Amino acid sequence: MSQHAAADGPERRVSALRAQLEHHNYRYHVLDDPEIPDAEYDRLFRELQALEASYPHLVSPESPTQRVGVRPVTGFGERRHELPMLSLDNAFTEEELMAFDRRVSQRLGLEEGEMTYAAEPKLDGVAVSIRYESGRFAWAATRGDGSVGEDVSANVRTIEQVPLRLRGHGHPRQLDVRGEIYLARDVFLEINREAERENRKLFANPRNAAAGSLRQLDPRITAQRRLQVFFYGTGISDPALSSRTHSETLEQLKEWGLRVSPLARTVSGVQGCLAYYREVLEQRDSLVYEIDGVVYKVDAHESQKRLGFVSRAPRWAIAHKFPAQEQVTQVHDIEFQVGRTGALTPVARLEPVSVGGVVVSNATLHNIGEMRRKDVRIGDSVIIRRAGDVIPEIVSVIPERRPAQACVVELPEACPVCQSAVSQPEGEAIARCTGGLVCPAQLKESLRHFASRRAMDIQGLGERIIDTLVTMGALGSPADIYLLKPDKLAGLEGWGEKSAGNLVASIEASKATTLARFLHALGVRGVGETTAQTLAVHFGDLDSLMDASVEELQAISDIGPVIAAHIRAFFDEEHNQDIIRRLREAGIHWPVSIPQAPTQDASDGPFSGKTFVLTGTLKSMTREQASQLIQNAGGKVSGTVSGKTDFLVAGEKAGSKL
Ligand code: IVH
């Protein structure tokens, strides 16, 4: 760094670095096609930060280092939109679309021929208008009432997909670009999971979460929310843009580094619109963000100008809406389902209703805390929502429609499956059945988990046969799996000698396992795959883990007081000790390793201070082996991606972490 700085003078180096960082930002965020690894980007970024720290007079507001302001704002100012931010008329049917196309043609005096429309997805987020002055980010505002919006500049600046300086040439002195700020579905789910853990109110949908994140008073929080943006137009009537069509405008925006939907394209006539609609609808569930329809815009600016506006919507554009992902229906009943850890999940039985094209008759209320917070009662009219492959859920009650006889559902005192006591510790959102493996519901879920691929991996021991065997009384705990005999299985409906023999063989094969898998299979609360691995590496064998005190457990990095207490309580339970003894007697075994030397010894390893997350199937080794290697080199392995993650190691079929 100092070499460059000394040779070129700090100004030259600073501006070269900014240009490089802007280029790589554009490749990464707009083109989705990075040229350099993230670590290289970080290196350039840190070099720029260091130079700016040494030469504060070189800091400028457009510098890539200046996205997140440090001070929370006390409220939002106002911004007047030079051209109002309009809304769109909707078409819900083909007929309505055809009527729109006819009106357009008639007004333009076109008898025949097909209109060219610019077609785009209709993003379900928050509209924003961003002012660039001579190519530099000046301010950003929400739509507000269309004429005056809230100044959300400090927050919008934190969105890396929003350039602080436009690329290329020919920027108008003043340019307002209009776009939609949105949240990817998995980020929304993650935000809600965190809110659930912290007992905060959940967001109803990604749009609300995006709006909430955009209106955060503390930009540092907005910066963590990973908001995204697509631009779909400008707010100047006579664009200093030389484009003659909307599609050319979008091309121009792209060249200036503004992110435009890759699904945008021109189509011809109503038939072209309909084909586009079907195609995008087909893709809807596989997109990582939500769209609620498509928009068709008369492509030629000249024609747009002639068509003009009615009240608050242009005559030259229409939104063709998809089937809604939220619907209103009635709650007929609320029942409780019991999961593996005994958690009682309230499930609403609903008047069946079609949501986003699928008939829904049940919706989850997540947990008792959420049910009370939303105050859902039997008889209520509720808004339900189904999006992507997420389980349908109740978003909210419509209080005005509550009938007088609507009935509050109380938390049952006894488990609906096994009648054991239900407990809900003070301050926790989740109520649980205390029956443990005595509860058939918990037992079935525990067995399923025990046999699952990432735990003991017993092929053939699926949901159906587990249900049958539990009901028959043949399986009372995971230890009973190892007592199953082929002749007993072969007599069951749908089972012959061959399938019975196969299952017993895979039960036998599962006995040779690893300590980490075994710990994961036991299903201790809070001990997932990664924590099981950490424990296995730390203790090397089961007995020392079973003897460990809460303090010892808590001293392990990544294990907090709550999980430490769960682990201790699990091994203190005589019933669990008995199951573990029987499993070991049945022949379950694992290679015993020497407990890992205290982490301090590896603290000067090449990965020291770095946090890794592993996801997907790795090629040359198992994830357990990989995390062992990382830990040996001084690194930490965590189960979730967060701000502390330095490296994500992604194998095949990597999921949402990637
Ligand atoms: S054009 C003059 N294009 O939908 C036309 N809007 O109901 C103004 N929206 O407030 C909007 N995707 O927030 C346009 N591709 C798209 C859009 C889009 C989402 C939102 C936008 C606007 C609302 C209009």
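Residues numbered from 1 in each chain as written. Predicted model: local features only at pLDDT ≥ 70, side-chain atom pairs only at ≥ 80, totals over all residues. Heavy atoms only, no water.

Asks: Which parts of the structure should I look at to understand the overall build of the protein chain?
Replies: Along the protein chain, the regular secondary structure elements total 25 helices and 23 strands. When its C-alpha atoms are laid out on the principal axes, the protein chain stretches across 85 × 70 × 50 Å. Burial analysis of the protein chain (658 residues in total) assigns 48% to the buried set. Considering only contacts within the protein chain whose residues lie at least 6 apart along the sequence, 68% involve residues at least 24 apart. Only carbon and sulfur atoms are counted for the fraction: they give 50% of the accessible area of the protein chain, which is about 32,500 Å². A gap of 3 Å separates the mean positions of the 77 positive and 88 negative side-chain charges of the protein chain. (Helix = DSSP H or I, 4+ residues; strand = E, 2+ residues; numbered from the N terminus. Buried < 20%, exposed > 50% of the residue type's maximum accessible area, 1.4 Å probe, protein only. Contact = heavy atoms within 4.5 Å. Areas by Shrake-Rupley, 256 points an atom, 1.4 Å probe, with all protein chains shown as cover. Lys, Arg positive; Asp, Glu negative; His and termini not counted. Charge placed at Lys NZ, Arg CZ, Asp CG, Glu CD.)

Asks: Can you help me understand the sheet that holds strand β5 (residues 136-142) in this one?
Replies: Sheet strands pair by backbone hydrogen bonding; their relative direction is either parallel or antiparallel. Pairing in this open sheet of 4 strands is antiparallel, and the strands run β5-β4-β7-β8 from one edge to the other. Each edge of the open sheet carries a strand with a single partner, namely β5 and β8 (228-234). When strand polarity is set aside, the average angle formed by the axes of neighbouring strands in this sheet is 35°. In the packing of helix α9 (residues 246-255) onto the sheet, the strands contacted are β7 (174-182) and β8, and the crossing angle to β8 comes to about 135°. (Pairing = 2+ DSSP bridges. Axes fitted to C-alpha atoms, helices over the stretch in contact; angles between N-to-C directions.)

Asks: Explanation requested: the packing of helix α19 (residues 529-539) against helix α25 (residues 623-632) in the structure shown.
Replies: The relative placement of two packed helices is expressed as an angle between their axes plus a distance between the axes. Put simply, α19 and α25 touch, their axes get as near as 11 Å, and they point 55° apart. With respect to their mutual orientation, α19 and α25 come out oblique. The crossing of α19 and α25 is right-handed. Facing E529, Q533 and V537 of α19, the residues of α25 in contact are R623, E624, S627, Q628 and Q631. The residue makeup of the contact of α19 with α25, split by class, is 1 nonpolar, 4 polar and 3 charged. (Parallel < 35°, antiparallel > 145°, perpendicular 65-115°, else oblique. Left-handed = near helix turned anticlockwise from the far one by under 90°. Nonpolar A, V, L, I, M, F, W, Y, C, P; charged D, E, K, R; others polar.)

Asks: Could you clarify how one ought to interpret unusual backbone geometry in this entry?
Replies: Residues other than glycine predominantly adopt negative phi, and peptide bonds predominantly adopt the trans conformation. At D375, a residue that is not glycine, the phi angle is positive and equals roughly 50°. By secondary structure assignment, the location of D375 is in the loop between α12 (368-374) and β17 (381-385). Non-glycine residue Q419 carries a positive phi angle of around 70°. Relative to the assigned elements, Q419 resides in the loop between β18 (393-397) and β19 (422-423).

Asks: I keep staring at the confidence of the model for the protein chain and nothing clicks. Help me out?
Replies: Interpreting fine coordinate detail is not advised for predicted regions of low pLDDT. Put simply, the protein chain has an average pLDDT of 88, and 95% of its residues get 70 or more. Within the protein chain, helix α24 (residues 599-602) has the poorest average pLDDT of any element, 50, and strand β3 (residues 116-123) the best, 97. (pLDDT = per-residue confidence, 0-100.)

Asks: Which parts of the structure should I look at to understand the pairing of strand β4 (residues 126-133)?
Replies: On a regular strand, one side chain projects to one face of the sheet and the next to the other, so that they alternate. For β4, the tally of buried residues reaches 7 of 8 residues, placing the bulk of the element in the interior. With 8 bridges joining them, β4 and β7 adopt antiparallel strand pairing. Bridged to A127 within β7 is E180. As defined by bridge partners, β4 adjoins β5 across 6 bridges and the pair is classed as antiparallel. Bridge pairing in β5 links S129 to A141. Hairpin connection between β4 and β5: a loop of 2 residues separates the two successive antiparallel strands, and S134 in this loop has a positive phi of roughly 45°.

Asks: Which parts of the structure should I look at to understand the sheet that holds strand β9 (residues 265-268)?
Replies: Spatial ordering of the open sheet is given by β2-β13-β10-β3-β9, a layout of 5 strands whose pairing is mixed. The strands lining the two open edges of the sheet, one partner per strand, are β2 (90-91) and β9. Strand contacts of helix α4 (residues 94-107): β2, β3, β10 (291-298) and β13 (317-321), with the helix running at about 170° to β13, the strand carrying the most contacts.

Asks: Got a minute to help me understand the pattern of salt bridges in this structure?
Replies: Pairs can form between side chains of opposite charge whenever their charged atoms are close. Applying the stated rule across the entire model yields 38 salt bridges. Close ionic contact of D124 with R207 constitutes a salt bridge, the shortest N to O distance being 3.0 Å. A residue pair is termed long-range when its members are at least 10 positions apart, and D124 in the loop between β3 and β4 and R207 in helix α7 (residues 206-214) qualify at 83 residues. Classification of R207 by relative accessible area gives partly exposed; the value is 31%. A salt bridge links E370 to K374, with the shortest nitrogen-to-oxygen separation between them at 3.0 Å. Of this pair, E370 and K374 both sit in helix α12, 4 residues apart, roughly one helical turn. For the pair E370 and K374, a shared accessibility class is recorded, and that class is buried. (Salt bridge = Lys/Arg side-chain N within 4 Å of Asp/Glu carboxyl O.)

Asks: Honestly, the nonpolar core in this entry has me stumped. Any pointers?
Replies: Generally speaking, nonpolar side chains in soluble globular proteins are found buried as a group. Counting 52 residues, the largest nonpolar core has I458, L519, L535, L542 and F571 as its most contacted members. The element best represented in this core is helix α18 (residues 515-522), accounting for 6 residues. When neighbours within four sequence positions are excluded, F571 is seen to be in contact with L519, L522, L542, L545, M546, Q577 and I580. Of all hydrophobic cores here, the second largest spans 32 residues; its members include V128, V187, I191 and L227. (Core = buried A, V, L, I, M, F, W, Y, C linked by side-chain atoms within 4.5 Å.)

Asks: Sorry if this is basic, but what is going on with α9 here?
Replies: By the burial criterion, the buried members of α9 are H246, T249, L250, Q252 and L253. Along the long axis of α9, the arc covered by the buried residues comes to 160°, so they all point the same way. Here the buried face of α9 lies against β3, β7, β8, β10 and α11 (301-307). Once α9 ends, the next one or two residues include G257, with phi positive near 90°. (Arc of directions from axis to C-beta.)

Asks: Explain the site of the ligand to me, please; I cannot follow it from the model alone.
Replies: Neighbouring the ligand are 14 residues; E120, L123, E180, Y232 and K297 lie closest to it. L88 places a polar main-chain atom, nitrogen or oxygen, 3.3 Å from an oxygen atom of the ligand. In this structure, an oxygen atom belonging to the ligand sits 2.5 Å away from a side-chain N or O atom of E180. Across the complex, the protein chains shield 87% of the 520 Å² of accessible surface that the ligand would expose by itself. For the shell around the ligand, the secondary structure elements donating two or more residues are β3 and β10. A per-element tally of the shell around the ligand places β3 first, with 4 residues. Taken together, the residues of the shell around the ligand sort by class into 9 nonpolar, 1 polar and 4 charged. (Near = heavy atom within 4 Å. Polar contact = N/O pair within 3.5 Å; in protein donor to acceptor, adjacent residues only side chain to side chain.)

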